[in-house]
Amino acid sequence: MRRGCISLGEVQCDACKSIIPYPDRYLAVDEKDGKEDDEGETYRYCVPCCLKKGYAHHKVEKGEQILTFFEE
Ligand SMILES: [Zn+2]
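Everything numeric here is computed off the predicted structure, so don't read it as measured data.

Turning next to the overall build of the chain. Helix and strand content of the chain: 1 helix and 8 strands. When the elements of the chain are put in sequence order from the N terminus, they spell out β-β-β-β-β-β-α-β-β. For a compact globule of 72 residues, the expected C-alpha radius of gyration is about 11 Å, and the chain comes in at 12 Å, within 12% of that figure. Seen along its three principal axes, the alpha-carbon backbone of the chain occupies a region of about 35 × 25 × 15 Å. By the burial criterion, 28% of the 72 residues in the chain qualify as buried. Within the chain, counting contacts between residues at least 6 apart in sequence, those at least 24 apart form 33% of the total. Approximately 5,000 Å² of the chain is accessible, and the part contributed by carbon and sulfur atoms is 49%. Taking the 11 positively charged and 15 negatively charged side chains of the chain as two groups, their mean positions are separated by 3 Å.

Scoring rules and cut-offs
Residues numbered from 1 in each chain as written. Predicted model: local features only at pLDDT ≥ 70, side-chain atom pairs only at ≥ 80, totals over all residues. Heavy atoms only, no water. Helix = DSSP H or I, 4+ residues; strand = E, 2+ residues; numbered from the N terminus. Rg over C-alpha atoms; globule rule 2.2 N^0.38 Å. Buried < 20%, exposed > 50% of the residue type's maximum accessible area, 1.4 Å probe, protein only. Contact = heavy atoms within 4.5 Å. Areas by Shrake-Rupley, 256 points an atom, 1.4 Å probe, with all protein chains shown as cover. Lys, Arg positive; Asp, Glu negative; His and termini not counted. Charge placed at Lys NZ, Arg CZ, Asp CG, Glu CD.

And the structure:
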């Protein structure tokens, strides 16, 4: 399961190991063997890593580009 969250400033990205500053968004996702799996462990990823992994994408809504962590 994917959960879009807001960092309180003490969240570390599990991919690039950088600290995600408040109030940036990050994604909590359950993964097993590098794949999305509800039985796996929870990993946290910053936005650039989500984009790289295909967990996030930009969409345009009402003329504004917004970031979403979920499939349409
Ligand atoms: Zn990252």
